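The residues making up each chain are set out below.
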Amino acid sequence: MSAATGIGQAVHVRGLDKRFSRRGAENVVLEQLELTIEAGEFVSLIGRSGCGKSTLLELIAGLQQPSAGSIEVGGRAVSGPGPDRTIVFQQYALFPWRTALQNVMFPLEMAGSGRAERRRIARERLEVVGLAHAADRYASELSGGMQQRVGLARALACDPQILLLDEPFSGADAITREGLQQLLADLHRRFASTVVLVTHSVDEALRLSDRVVVLGGRPGRIVAEVRPSADRDDAAAQREQILALLGA
Ligand SMILES: Nc1ncnc2c1ncn2[C@@H]1O[C@H](COP(=O)(O)OP(=O)(O)O)[C@@H](O)[C@H]1O
Ligand SMILES: [Mg+2]
């Protein structure tokens, strides 16, 4: 990535409430959530299905608005989506009729980059995810793992400060998943952007993150924060601790 990148931005979540009302009934999903993510930190969010992980990620992305409280990214209040944050979903959501290269070029087109510049950056990003050789293949012709790599390359196209990932590898088989995890670790090391990863895999969270944030309860709140230990016994105990909190 360009020399200008490399420093992610901090995220401050303060007094965050998120409620949905439906037919008069109110569903309080998140209540009084406080969370600080440091610039360049890799944080995993883990919790049972329905506890509000995707909602929190979409709030940070600016795709949803808080019911109360605030979210700041790089010291500025989030009021909508911005080029400083990109989100990657489990579904790759590539355009099947575009080539890998054209998919990665898409956000650069939206940003108004010139044609030569778009091609240059998109090629570079594909190289970063190990897919330079597949640049001219249509997205529909790529395997699931390759599509998710293109999705990551596309997410990185505009040099985001913050990479938001919602269970991006859930659909992958074990071997593909391992490769994608390795790629994500490399990307984080190389570009030092801030990463927030939603995952349901305790092992994935412990393996990749600086900090694992466990969400739980109803309404959702933070029930534990764990800094993965390099010590084998400690790591095993942390794994058990998180599994117990998840009720697994
Ligand atoms: N757009 C929405 N409208 C109404 N309820 C929603 C909406 N999005 C999420 N919810 C509710 O918020 C809760 C948390 O959902 P979600 O954030 O998707 O959980 P998770 O990602 O942890 O599985 C669920 O009860 C879900 O039904
Ligand atoms: Mg979810």
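For the structure, check the block above.
The structure reproduced in this document is the subject of the present report. All figures in this text were calculated on a predicted structure; none of them were measured in a lab. (Residues numbered from 1 in each chain as written. Chains lettered and ligands numbered in written order. Predicted model: local features only at pLDDT ≥ 70, side-chain atom pairs only at ≥ 80, totals over all residues. Heavy atoms only, no water.)

1. Here's the deal with the pattern of salt bridges
Link 1 in the chain: This model, assessed by the stated rule, comprises 17 salt bridges.
Link 2 in the chain: Note that Glu124 and Arg125 form a salt bridge whose closest N and O atoms lie 3.1 Å from each other.
Link 3 in the chain: Ionic contacts of the salt-bridge type, sharing partners, join the residues Glu117, Arg120, Glu124, Arg125 and Asp159 into one network. (Salt bridge = Lys/Arg side-chain N within 4 Å of Asp/Glu carboxyl O.)

2. Quick notes on the layout of surface pockets
Link 1 in the chain: Of the voids in this model, the largest pocket is the one considered here, and its volume is about 530 Å³.
Link 2 in the chain: Along the walls of the largest pocket sit 24 residues, with Arg85, Thr86, Ile87, Pro107 and Arg154 positioned nearest its centre.
Link 3 in the chain: Elements represented by at least two residues in the lining of the largest pocket include exactly β6 (85-88), α2 (100-110) and α4 (144-156).
Link 4 in the chain: Of the residues in the lining of the largest pocket, the class split is 17 nonpolar, five polar and two charged.
Link 5 in the chain: Both of domain 1 (1-84 + 160-248) and domain 2 (95-159) provide at least three residues apiece to the lining of the largest pocket.
Link 6 in the chain: Quantified by volume, the second largest pocket comes out at close to 240 Å³.
Link 7 in the chain: Residue assignment for the lining of the second largest pocket shows that the elements contributing at least two residues are β2 (25-37) and α1 (53-61). (1 Å grid on protein atoms, 1.4 Å probe; cavity = no way out; pocket = protein on both sides within 12 Å on 5 of 7 lines; lining within 4 Å. Points joined across faces, edges and corners; volume = space filled by probe spheres on them. Helix = DSSP H or I, 4+ residues; strand = E, 2+ residues; numbered from the N terminus. Nonpolar A, V, L, I, M, F, W, Y, C, P; charged D, E, K, R; others polar. Domains from an automatic or database assignment.)

3. A word on the pairing of strand β4 (residues 68-73)
Link 1 in the chain: Pairing of strand β1 (residues 11-22) with β4 involves five bridges; the strand directions are antiparallel. Paired with Val11 across the two strands is Val73, which belongs to β4.
Link 2 in the chain: The sheet contact formed by β4 and strand β5 (residues 76-77) spans two bridges and is antiparallel. Across the sheet, Glu72 pairs through a bridge with Ala77, a residue of β5.
Link 3 in the chain: Hairpin geometry of β4 and β5 is characterised by an intervening segment of two residues between the two adjacent antiparallel strands and by a positive phi of about 55 degrees at Gly74. (Pairing = 2+ DSSP bridges.)

4. Points about the sheet that holds strand β9 (residues 211-216)
Link 1 in the chain: Judged by pairing direction, the sheet is mixed, and its six strands sit side by side in the order β6-β7-β8-β3-β9-β10 without closing on themselves. Unpaired on one side and paired on the other, β6 and β10 (221-226) mark the two borders of the sheet. For this sheet the average axis-to-axis angle between neighbouring strands, irrespective of direction, equals 20 degrees.
Link 2 in the chain: Bridge count for strand β7 (residues 162-166) against strand β8 (residues 194-198) is five bridges, and the pairing is parallel. For Ile162, the partnering residue across the bridge sits in β8 and is Thr194.
Link 3 in the chain: Across the face of the sheet, helix α7 (residues 232-245) comes into contact with β3 (42-46), β9 and β10 while running at roughly 170 degrees to β10. (Axes fitted to C-alpha atoms, helices over the stretch in contact; angles between N-to-C directions. Contact = heavy atoms within 4.5 Å.)

Don't take any of this as a statement about function, it's just geometry.
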